[in-house]
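Letter by letter, the chains look like this.
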Amino acid sequence: MNNKVLLKTAKISGWLLLILLIFYFTSGYAMVHKYGMSQLMSRSHARHLHEYMAIPFFILLFLHIVPYYIVKKQLKRLLVILAVIILFSIGIIFFIGQF
């Protein structure tokens with residue numbers, strides 16, 4: 001794949017990730033009725049939106065991180081970062097599952 005295409009993918013996914021994070025924080029604050037965000041959406045709608053944004057978040061994060069390391073040819077560092085992200089997310093899932 002061309003380096004320009006990979007870097008353009010990283011830039012586009014970065015902007016989409018920013019938009020997704022804004023919605024993620026907004027729905028999170030709407031769930032707990034903080035900072036007036038509960039006026040934007042109901043608690044149940046905010047909860048559903050918040051739950052369904054986890055998978056797109058990790059996909060966009062992957063699309064944002066991977067191209068830079070492929071262009072720089074630092075695949076070992078990329079694998080370490082992806083392993084940390086995967087282990088961290090699995091740990092969070094198990095931690096939240098205990099409540």
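The numbering scheme is per chain: residues are counted from 1 as the chain's sequence reads. In keeping with the predicted nature of the model, local features appear solely for residues at pLDDT of at least 70, side-chain atom pairs appear and are counted solely at 80 or more, and the whole-chain, interface and lining totals rest on all residues. Working from all heavy atoms in the structure, the side-chain values ignore hydrogens and water.

Colleague: Can you help me understand the packing of helix α1 (residues 3-31) against helix α2 (residues 43-52) in this one?
Modeller: The axes of two packed helices give the description: the angle between them and the distance between them. Axes here mean lines fitted to C-alpha atoms, for a helix over just the part in contact, with angles spanning 0 to 180 degrees between N-to-C directions. Strands are runs of DSSP state E lasting at least 2 residues, helices are runs of H or I lasting at least 4, and numbering of each runs from the N terminus. Interaxial distance between α1 and α2 falls to 8 Å at its minimum, and their mutual angle equals 140 degrees. With respect to each other, α1 and α2 are oriented oblique. For α1 against α2, the interelement crossing comes out left-handed. Taking contact as the criterion, the partners of Y24, S27, G28, A30 and M31 in α1 are, on α2, R43, A46, R47, L49 and H50. For classification purposes, an angle smaller than 35 degrees is called roughly parallel, one larger than 145 roughly antiparallel, one from 65 to 115 roughly perpendicular, and anything else oblique. We call a crossing left-handed when the near helix sits turned anticlockwise from the far one by less than a right angle, and right-handed when that turn is clockwise. The contact criterion used is simple: two residues touch if any of their non-hydrogen atoms lie within 4.5 Å.

Colleague: Help me understand unusual backbone geometry in this model?
Modeller: In most cases, non-glycine residues show a negative phi, while peptide bonds are predominantly trans. Residues other than glycine seldom take positive phi values, yet H33 does so here, at roughly 55 degrees. If you trace the backbone, H33 turns up in the loop between α1 and α2. The backbone phi angle of Y35 is positive, close to 55 degrees, even though this residue is not glycine. With respect to the secondary-structure elements, Y35 resides in the loop between α1 and α2.

Colleague: Honestly, α1 in this entry has me stumped. Any pointers?
Modeller: The periodicity of an α-helix, 3.6 residues per turn, causes residues three or four places apart in sequence to face the same way. One less than the residue count of a helix, multiplied by 1.5 Å, gives the span that helix is expected to have. With 29 residues, α1 should reach 42 Å at 1.5 Å per residue; the first-to-last C-alpha distance of 41 Å fits that figure. Within the sequence span of α1, burial applies to L6, A10, S13, G14, L17, L20, T26, S27, G28 and A30. Those residues of α1 that are buried are in contact with α2 and α3 (54-71). Phi turns positive, to about 55 degrees, at H33, one or two residues after α1. For the exposure calls, accessible area comes from a 1.4 Å probe over protein chains only, and a residue counts as buried if that area is under 20% of its type's maximum, exposed if over 50%, partly exposed in between.

Colleague: Even after reading the chapter, I still don't get the environment of S89, so can you show me in this structure?
Modeller: For S89, the location among the structural elements is in helix α4 (residues 75-97). Relative accessible area serves as the criterion here: at 15%, S89 is assigned to the buried category. Considering only alpha carbons, one finds S89 and F58, 31 residues apart in sequence, at a separation of 9.2 Å.

Colleague: How do you make sense of the nonpolar core when you look at a structure like this?
Modeller: Considering soluble globular proteins, one finds that nonpolar side chains tend to be buried as a cluster. Residues grouped as a nonpolar core are buried Ala, Val, Leu, Ile, Met, Phe, Trp, Tyr and Cys residues, joined through side-chain atoms within 4.5 Å. Counting 10 residues, the largest nonpolar core is built from L17, L20, M53, L60, L61, I65, V66, Y69, L78 and L82. Counting only elements with at least two residues in this core, the list comes to α1, α3 and α4. With five residues, the single largest contributor to this core is α3. Aside from chain neighbours lying at most four places away, what touches I65 is L78, I81 and I85.

Colleague: Help me understand the pattern of salt bridges in this model?
Modeller: Two side chains with opposite charge may pair up if their charged atoms get near one another. In the sections that follow, a salt bridge refers to a side-chain nitrogen of Lys or Arg positioned within 4 Å of a carboxyl oxygen of Asp or Glu. This model, assessed by the stated rule, comprises one salt bridge. Between R47 and E51 there is a salt bridge whose closest N-O contact spans 3.3 Å. Here E51 and R47 lie together in helix α2, a separation of four residues that amounts to about one turn.

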